[in-house]
Structures are given as C-alpha cells and as structure tokens.
Amino acid sequence: MIEVVNPTTEEVIGAVRAGTPGDVDAAVTRAVAAFPAWSATSVEARLDLVRRVADGLEARADELAATMVAEMGTPLTFATRVQVPNPVGIARGVADVLAGGYFDGEEVGNSLVLREPIGVVAAITPWNFPLQQMVAKVVPALAAGNVVVLKPSELAPMTADLLATVLAEAGVPEGVFSVVHGTGPVVGEALAVHPMVDMVSFTGSTRAGRRVAALAADTVKRVALELGGKSANVVLDDADLSRAVKIGVANAFMNNGQACSAWTRLLVPASRHDEALEIAVAAASKYEPGDPSLPATRIGPAVSAAQRDRVVGYIRRGVEEGAKLALGGPEAPTSRGFHVAPTVFGDVRPDMAIAQEEIFGPVLSVLPYADEDDAVRIANSTIYGLGGAVFSADPSRALSVAKRLRTGQVDINGAAFNTSAPFGGYRQSGNGREFGRFGLDEFTEVKSIQR
C-alpha cells in the first residue's frame, strides 16, 4: 500500500494499493478491448459526455478542493479559485472545439484530411496541479475517441479517484478509462514500455520526462511531454515597477511555489535592482506559512519532506554561491508540516544554480540586467522554455520582447491565464501542447484520403 500523508499535519490520511506491471497489463488489455466500440461512437455522444464531465467537476468543486488541500497542501483559496475552475474550463474548452466541427475533415486538393483517435493513451500526471493535469490529458483523449489508462502521482491519488468517480457518473464505459496507482519506476515505466500503449502523455520533471521518452522509443509510440521550467519575469525600464514586482511575487509563490510555469526569475534594470528587491521583500513578507485549509492562508507546505529538503538545499546553495539572502532562508518557519520559508534572493547572477535549475518551492531570484538585449539574453539562458512575462508601459514594446523569449507562453502586464490557449514548452520544457484545439491535436492521428 502507498500511504497518503497530509503535508501540513504530517499525518497519514489515506492509502491506495500500489500497482504492479501486472495491473498495468490488465488495464491496457481492457482498454484495447474497449477501443473499437468507443472510437466508433459519434462526436455528438462524446461531446455530451465531455459536458457532463465538466458539470460533474463543478458539482464536486468543494470536495475536490478540500481533497487537494489535504493531500498536497495547496491553499484553500487557490484550490477554489484555480485548482478546480481551471479543469472545468479546460473541459468546457474541449467541448467547444468538438462542437465547432473539429472532426468534420478538411478538403486539401483531391484529399479528405481526417482526424482520428490514436488508440490506447497512457496519461502520467503530477501532484502539484493534480486535477488540472489529469483533465488536460484524459478529457481531450476521450473526446478524440481514445481509451485511457491513468497513472496519477502517488502523492495525490485521492483526487484521481474523485475524477474517476466523476467520469463513471458521466457515463464513461468500463475499460475506456482506468486508474492504476503506483510509483513512476514501477507503474509509469510499465506503461511507457507496454507494446499495446500507443501514446504516453507525461507531465513532470525534465529528468523523469527524459526517462519516459527513452523507454517509449523502443515501440515508437507518440510521446507528449510537459516538463520543468525556470520562467523569467522581464520588467522593462518603463514599467510600473511596484505593480510588476508584486504580481511577479504572487506568481512565483502560487501553489506554494510548486508550479512549473512560475516566474521564479525576476529580471529588473540594474539601476533599479535595490528598489525592486525592497518591493519584492515587502510583498513576499505577506506570505506567512500556515494551515492551507484556512481561507486566509496564502502559502502552505511543500508536498513532502523530500520536496521540502530539496528546496532548502537550493536555498543553502544560493547563499553559498554568493547571492544576497534578502528574506527567508533554510530554517523551518513552523514546528510541524513540510513548510519552507518564503525566500527572496537579490544580486543573483545568471550562472548560479538558483537561476538555472528548477527549485519548485517559494524561492524568488532577482537578477539585474544592463539593457533590453541583455534581459532577453538572460531570460533565454536556461535549458527551459515554458513560461514567462513582460511588463512595460508600451504594449507594442512588451509584445516585441515577448516574441523574443524562447518560451511556450508569455504573459504581458499580468494578463489572465487562458485554459483554451495552447500550453507547453520549448527545449527541455517538453514538446506538444495542451488545452483547447491544440490539446486535441495531440491525441489524434491525421489521415489523408485521396479521391
């Protein structure tokens, strides 16, 4: 059995059975048997199902939010405003694409170009946005006529079981969707190498993504990867510095700093570095670690003791490399729970580990730059390319800089997140895209019929 530990209380709150390669094979075999009938269902029937799933998630919003607070420590306010609404929006976005004639086909010369399902999809999802990432894979995959075997994170299995209940209540047939709990090295790897799995959609660390891609290569299955990030918030010299820094701190610390697209690098003009650091420290000081089940709490614990220790290790490394520790540090801010003190570093050099490697905790690095070209160079200087931001009083200038950033998405002046726009990364942040039409594209094959 795999015990589920509440990261705030450090108490065991549940357990799930640890799956085996045999369980994976059984689930895949059921999926293969279910594929012909499911893939033959009408688009209208799948559209109705997706809408029922969205309604089901909305109906269980409070239960889903409370479950994510308990098993992975996301603050309740963040759970109710983001962790549940985003998946609902993603599902409704898929429904809109289906309703818009996505599967009608396209005439290209004398060819009819069709979108068809791939087959058996293995969905391997993380713990930090458990519902969002499951919905972003499972719903478009099913909508496209695929069958799915889900391996959720062993740190957030109860949310997966709730999603399975919603899917069953919406009418997903037996075998079309299955959950196999377990660890990555056992269940995840068994799915990646299984000869009857046609596609693996994985979200997690870049290290684990490399492993999944390598294992899947032997059977030449499709692999979609949404991996790590080290996103830069580029504040130009004409921006409202106070607003840009405050929004940047909120983004860097969202979900307890455990977000792959978080703006963990704050790039500011060198002449305004000290001013920006002062604003960042004042904003970050308001993030007092506490019980995430309380509405007033803005930041909860790391998901596990191991994750806490990893983040603390990076904080110590930042100090050792000579960055200025302006707030926080490695000391535990609470006597119980896996909390990390919200931390802000100043005078960070682009070559430091805290500026190059994904920390996945509430740690913000403030980096000075000389001019606009230098800012772009620094922003593009990591192996990642997932997210980013640009702040400027001139929207056209901000857009120009945004186009130069080698990332999958860029927010200008704090623009809202869009669950229908494509989400994914460049370089070692992965390949493929999720959400909306682009998310459906990932789960389809393209067929040309010449007439």
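This one's a predicted model, so the numbers in the text were calculated from it and none came from an experiment. Counting starts from 1 at the beginning of each chain's written sequence and moves along it residue by residue. Reporting in this predicted model follows two pLDDT cut-offs: at least 70 for local features of residues, and 80 or more for side-chain atom pairs to be given and counted; totals over whole chains, interfaces and linings ignore these cut-offs and use all residues. Heavy atoms throughout the structure, all of them, feed into the side-chain values; hydrogens and water do not.

## Topic: the packing of aromatic side chains
- Any pair of Phe, Tyr and Trp rings, taking the six-membered ring for Trp, is counted once the centres come within 6.5 Å. Such a pair is stacked with planes under 30 degrees apart, edge-to-face with planes over 60 apart, and tilted for the rest. Taken as a whole and judged by the stated rule, the model has eight aromatic pairs.
- With centroids separated by 4.8 Å and ring planes inclined at 85°, the aromatic side chains of Tyr102 and Phe103 adopt a geometry described as edge-to-face.
- Residue Phe103 is classed as buried on the basis of its relative accessible area, which comes to 16%.
- With a centroid separation of 5.6 Å and an interplanar angle of 25°, the aromatic rings of Phe423 and Phe435 are classed as stacked. Of the two residues, Phe423 sits in the loop between strand S16 (411-412) and strand S17 (430-431) while Phe435 sits in the loop between S17 and helix H16 (436-442), which places them 12 residues apart along the sequence. A single burial state applies to Phe423 and to Phe435, both of which are buried. A 1.4 Å probe rolled over the protein chains alone gives each residue an accessible area, and that area as a share of the maximum for its type sets the label: buried under 20%, exposed over 50%, partly exposed in between. Helix numbering and strand numbering both begin at the N terminus, where a helix is a DSSP run of H or I of at least 4 residues and a strand a DSSP run of E of at least 2.

## Side note on the UniProt feature "active site" (unreviewed entry) in the protein
- UniProt tags Glu226 as "active site" (unreviewed entry).
- As for its placement among the helices and strands, Glu226 is situated in strand S9 (residues 222-226).
- Every residue in contact with Glu226, bar those within four places of it in the chain, is listed here: Gln133, Phe202, Thr203, Gly204, Cys260, Leu386, Phe423, Ser429 and Glu434. UniProt positions are given in the numbering used here, feature names are shortened, and annotations may be inferred rather than shown by experiment. Note on contacts: a residue pair qualifies if any of its non-hydrogen atoms lie within 4.5 Å across the two residues.

## A few points about unusual backbone geometry
- For Asn255, which is not a glycine, the phi torsion comes out positive at approximately 55°.
- Mapped onto the secondary structure, Asn255 falls in the loop between helix H10 (241-253) and strand S11 (265-269).

## What to know about the pattern of salt bridges
- The term salt bridge refers to a side-chain nitrogen of Lys or Arg lying within 4 Å of a carboxyl oxygen of Asp or Glu. Across all of its chains, the model carries 24 salt bridges by this definition.
- Here Arg397 ties to Asp237 by a salt bridge, and the two come within 2.8 Å at their closest N and O atoms. Of the two residues, Arg397 sits in helix H15 (residues 395-404) while Asp237 sits in the loop between strand S10 (232-235) and H10, which places them 160 residues apart along the sequence.
- One continuous salt-bridge network, built from bridges that share partners, spans Asp237, Asp238, Glu372, Asp373, Arg397 and Arg404.

## Points about the sheet that holds S16
- Paired strands, in this sense, are two strands between which DSSP finds at least two bridges. Pairing within the open sheet is mixed, and its seven strands lie in the order S12-S13-S14-S11-S10-S15-S16. Each having just a single partner strand, strand S12 (324-327) and S16 make up the two edges of the open sheet.
- Of the pairings in the sheet, the one linking S12 to strand S13 (residues 343-346) comprises three bridges and is antiparallel in character. Paired with Leu327 across the two strands is Val344, which belongs to S13.
- Here the axes come from fitting lines to C-alpha atoms, over the contacting stretch only for helices, and the angles between their N-to-C directions go from 0 to 180 degrees. Contacts between helix H11 (residues 273-284) and the sheet are confined to S11, S12, S13 and strand S14 (363-369), with S13 contributing the most and set at about 175° to the helix.

## Let's talk about the pairing of S14
- Counted residue by residue, S14 has six buried out of seven residues, so it is predominantly covered.
- Sheet analysis places S11 next to S14, joined by five bridges and oriented parallel. Residue Leu266 lies in a different strand from S14, and its bridge partner there is Val366.
- Strand direction decides the pairing type here: S13 and S14, joined by three bridges, are parallel. Of the residues in S14, the one forming a bridge with Thr343 is Val363.

## Observations concerning the packing of helix H3 (residues 61-72) against helix H4 (residues 76-83)
- Viewed as axis vectors pointing N to C, H3 and H4 meet at an angle of 130°, and their least axial separation amounts to 9 Å. Considering their axes alone, H3 and H4 lie oblique with respect to each other. Pair H3 / H4 crosses with right-handed handedness. For the pair H3 and H4, contact is made by Ala65, Met68, Val69 and Met72 and by Leu76, Ala79, Thr80 and Gln83, respectively. An angle below 35 degrees is treated as roughly parallel, one above 145 as roughly antiparallel, one from 65 to 115 as roughly perpendicular, and anything else as oblique. Left-handed is the label given to a crossing in which the near helix is rotated counterclockwise from the far helix by less than a right angle, and right-handed is the label when the rotation is clockwise.

## Structural notes on helix H14 (residues 372-379)
- What H14 keeps buried is the set Asp374, Ala375, Val376, Ile378 and Ala379.
- On its buried face, H14 is in contact with S10, S11, S14 and H15.
- By the criterion applied in these results, polar contacts are pairs of N or O atoms within 3.5 Å in which, for protein atoms, one can donate a hydrogen and the other can accept it, and in which residues neighboring in sequence qualify only through two side-chain atoms. The residue sitting at the N-terminus of H14 and contributing the capping side-chain oxygen is Asp371; that oxygen lies 3.3 Å from the backbone nitrogen of Asp373.

## Points about the sheet that holds strand S7 (residues 177-179)
- Reading across from one edge, S7-S6-S5-S8-S9-S17 is the order of the six strands in this open sheet, with mixed pairing throughout. Taken across any chain shown, the strands that pair with only one partner, and hence form the sheet edges, are S7 and S17.
- Note: S9 against S17, two bridges, orientation antiparallel. Residue pairing in the sheet places Leu225 in a bridge with Asn431 of S17.
- The strands that helix H1 (residues 21-39) touches are strand S5 (120-124), strand S6 (147-151) and S7; relative to S6, the one it contacts most, it runs at about 150°.
- Along the sheet, helix H8 (residues 184-193) contacts S5, S6 and strand S8 (199-203); its crossing angle with S6, the most-contacted strand, is approximately 160°.

## Some words on the nonpolar core
- Take the buried Ala, Val, Leu, Ile, Met, Phe, Trp, Tyr and Cys residues and link them wherever side-chain atoms come within 4.5 Å; each set so joined is a nonpolar core. One finds Leu57 and Leu191 to be the most contacted residues of the largest nonpolar core, which totals 82 residues.
- No other element matches helix H6 (residues 130-143), which puts nine residues into this core.
- When neighbours within four sequence positions are excluded, Leu191 is seen to be in contact with Val24, Val28, Ala122, Ile124, Val149, Lys151, Val197, Val200 and Lys221.
- Residues Ile315, Ala355, Leu367 and Ala379 belong to the second largest nonpolar core, which totals 27 residues.

## Focus: H4
- All of the buried residues in H4 are Phe78, Ala79 and Gln83. One side of H4 holds all its buried residues, which, seen down the axis, span an arc of 100°. The directions from the helix axis to the C-beta atoms are what the arc is built from.

## Remarks on the environment of Leu163
- Here Leu163 shows up in helix H7 (residues 157-170).
- For the pair Leu163 and Val84, spaced 79 residues apart in sequence, the C-alpha to C-alpha distance is 11 Å.
- Leave out the neighbours within four places in its chain, and Leu163 touches Leu57, Leu131, Met134 and Val135.

## Focus: the pairing of strand S1 (residues 2-5)
- Residues Ile2 and Val4 point to one face of S1 and are all buried, whereas Glu3 and Val5, pointing to the other face, are not buried.
- Inspection of the sheet shows S1 paired to strand S2 (residues 12-16) by four bridges, in the antiparallel sense. Looking at S2, one finds that Ile2 is bridged to Val16.
- Hairpin geometry of S1 and S2 is characterised by an intervening segment of six residues between the two adjacent antiparallel strands and by a positive phi of about 65° at Glu10.

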